[in-house]
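# Observations on the three-dimensional arrangement
As a plain string of letters, each chain reads:
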Amino acid sequence: MEEKSNLHIKLITIDRLTSCTVFIRSDGKEARFPLDAFMFEGTSVVARFNFTPAFAALLATTLAGDQILFELPLEGAGDQIEGRLVVYLDQNQWSLLSNADRGTRDSSEADRAAARKLREWVDQRRIVLPASAGHYYETGKRFSTDLRYDLGVTVLQFSRGWQMRDPLQVRRNELHDAFRRRMNQPGSVRSAPVFTLEANALFSPTRLDGSDLSPRWPSELAFQSEALLGASISIDSMLDTQRVGEGPDTGWTADSQRFSDWLDGLDRDSQQKRRAIDFHLLKDLEGELAEEAAAADVPRELLRQWGFKGLVQAIGESPAAGLFREMLHSRHLNKGTTWRPNDLTDMVYLSCAAGYADFVVCERHMRDPLQHGLKRTGLSARVYRRLSDAVVAIEEALEAPSAQAGLRGRVG
């Protein structure tokens with residue numbers, strides 16, 4: 001009887017080619033069940049999923065033979081970064097890394113060496129290279145199916161399931177908690193790890209349709225099931241052969257251009273222009289500010305007392321929201337600024353990353369206003385334009401004693 005009680009499932013395989021799910025027990029016995037016909041869409045390139053409960057890991061194998069290992073969240077484990085440094089790559093850097101990792105002709109030896117170092121540190125669990133919803137979107141809309149696949153595999157292999165929480169949710173969490181602190185009521189804060197293995201962290205609830213897909217099972221089984229579902233969907237969706245379409249034009253780019261052009265012709269000093277930019281920002285965030293003030297139980301009268309200055313302070317003291325504000329100031333105050341359709345996405349994701357990561361690598365177009373914002377906010381993320389330069393700095397940081405405990409706070 002005691003021997004039977006020690007039996008457990010050591011491996012679960014979902015095999016597309018044999019159309020079955022296989023449960024292998026610790027005594028070597030296995031059970032096979034027919035696979036749901038709708039498990040894999042025709043545009044999926046995943047051939048097999050292997051899940052090992054003991055190691056909390058999911059291994060995916062594609063039809064082309066590429067393998068992707070994802071770490072999975074552990075119930076009640078909290079922060080699983082375990083002192084690893086967080087390195088956030090902008091989309092253009094992921095493309096460079098993908099080319100370098102595959103040794104393509106247009107990659108330099110310095111970039112190939114950087115790619116080898118990053119893969120080594122990821123495998124050694126010394127750094128985390130989180131993926132974001134922005135990476136999924138930018139990868140999915142590439143025109144070449146082959147290049148889209150190569151890039152997607154790179155992002156998945158290097159990120160290993162680590163994600164940056166949706167910047168819109170991080171900003172809401174920051175504003176909610178800033179309001180609580182301003183009322184001297186730090187309890188009931190909503191802070192959550194920004195870099196996480198948590199299922200469905202890529203997209204905030206405000207982006208979803210509100211449907212609850214979690215199974216009605218006991219707590220531990222439900223948690224594990226949701227983690228597996230989230231990880232498998234992340235892998236499958238990133239590699240899906242169907243190209244993602246361009247998003248709708250929200251009018252933000254044109255509105256920002258008009259505002260910048262108006263500021264250029266305004267006969268005011270920089271401080272007066274900063275105030276005008278803050279008014280413009282508050283108008284843009286008025287819905288989020290109102291909803292998070294209500295969620296934080298801020299009395300209407302107190303909110304009126306805080307007024308413009310109080311709301312700006314709440315934004316300014318928040319790492320991601322504060323950096324976004326500073327980047328807006330920097331770009332709007334730069335005469336002759338030209339706004340591009342992707343600028344909003346870049347600013348939202350980069351400001352969130354730099355608010356909580358140790359290193360950020362991005363193109364010069366965004367690096368300069370980001371560095372300026374970091375200096376004004378006093379945050380310590382280090383920003384680089386070249387992947388090879390960042391790798392040198394990361395290696396130095398890994399050898400420093402502080403690397404054992406991580407360099408930054410991760411919660412927002």
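These notes cover the structure that comes with them. Bear in mind that the values here come from a model prediction, so they are computed numbers and not experimental data.

### Looking at the sheet that holds strand β2 (residues 20–25)
As summarised here, the arrangement of the six strands in space is β3-β2-β1-β4-β5-β6, forming an open sheet in which the pairing is antiparallel. The open sheet terminates on both sides in strands that have one partner only, identified here as β3 (30–34) and β6 (67–71). Strand-to-strand twist in this sheet, taken as the mean axis angle between neighbours without regard to direction, amounts to 15 degrees. Pairing analysis gives six bridges linking strand β1 (residues 9–15) to β2, with the strands arranged antiparallel. In the sheet register, I9 faces β2, and the bridge partner there is R25.

### Examining the environment of R148
Structurally, the position occupied by R148 is in helix α5 (residues 145–159). Through-space distance from the C-alpha of R148 to that of L239 is 7.6 Å; in sequence the pair is 91 residues apart. Contacts of R148, omitting those with residues within four sequence positions, involve T139, G140, R142, F143, D240, T241, Q242 and R243.

### Looking at the pattern of salt bridges
Under the criterion given, the structure shown has 35 salt bridges. In this structure, the salt-bridge partner of R119 is D101, at a minimum N-O distance of 2.8 Å. Of this pair, R119 sits in helix α3 (residues 109–123) while D101 sits in helix α2 (residues 91–101), placing them 18 residues apart in sequence. Residue R119 is classed as partly exposed on the basis of its relative accessible area of 27%. Accessibility expressed as a relative area gives 27% for D101, which makes it partly exposed.

Cut-offs used in this document
- Residues numbered from 1 in each chain as written.
- Predicted model: local features only at pLDDT ≥ 70, side-chain atom pairs only at ≥ 80, totals over all residues.
- Heavy atoms only, no water.
- Pairing = 2+ DSSP bridges.
- Helix = DSSP H or I, 4+ residues; strand = E, 2+ residues; numbered from the N terminus.
- Axes fitted to C-alpha atoms, helices over the stretch in contact; angles between N-to-C directions.
- Contact = heavy atoms within 4.5 Å.
- Salt bridge = Lys/Arg side-chain N within 4 Å of Asp/Glu carboxyl O.
- Buried < 20%, exposed > 50% of the residue type's maximum accessible area, 1.4 Å probe, protein only.

So yeah, pure geometry; function would need other evidence.
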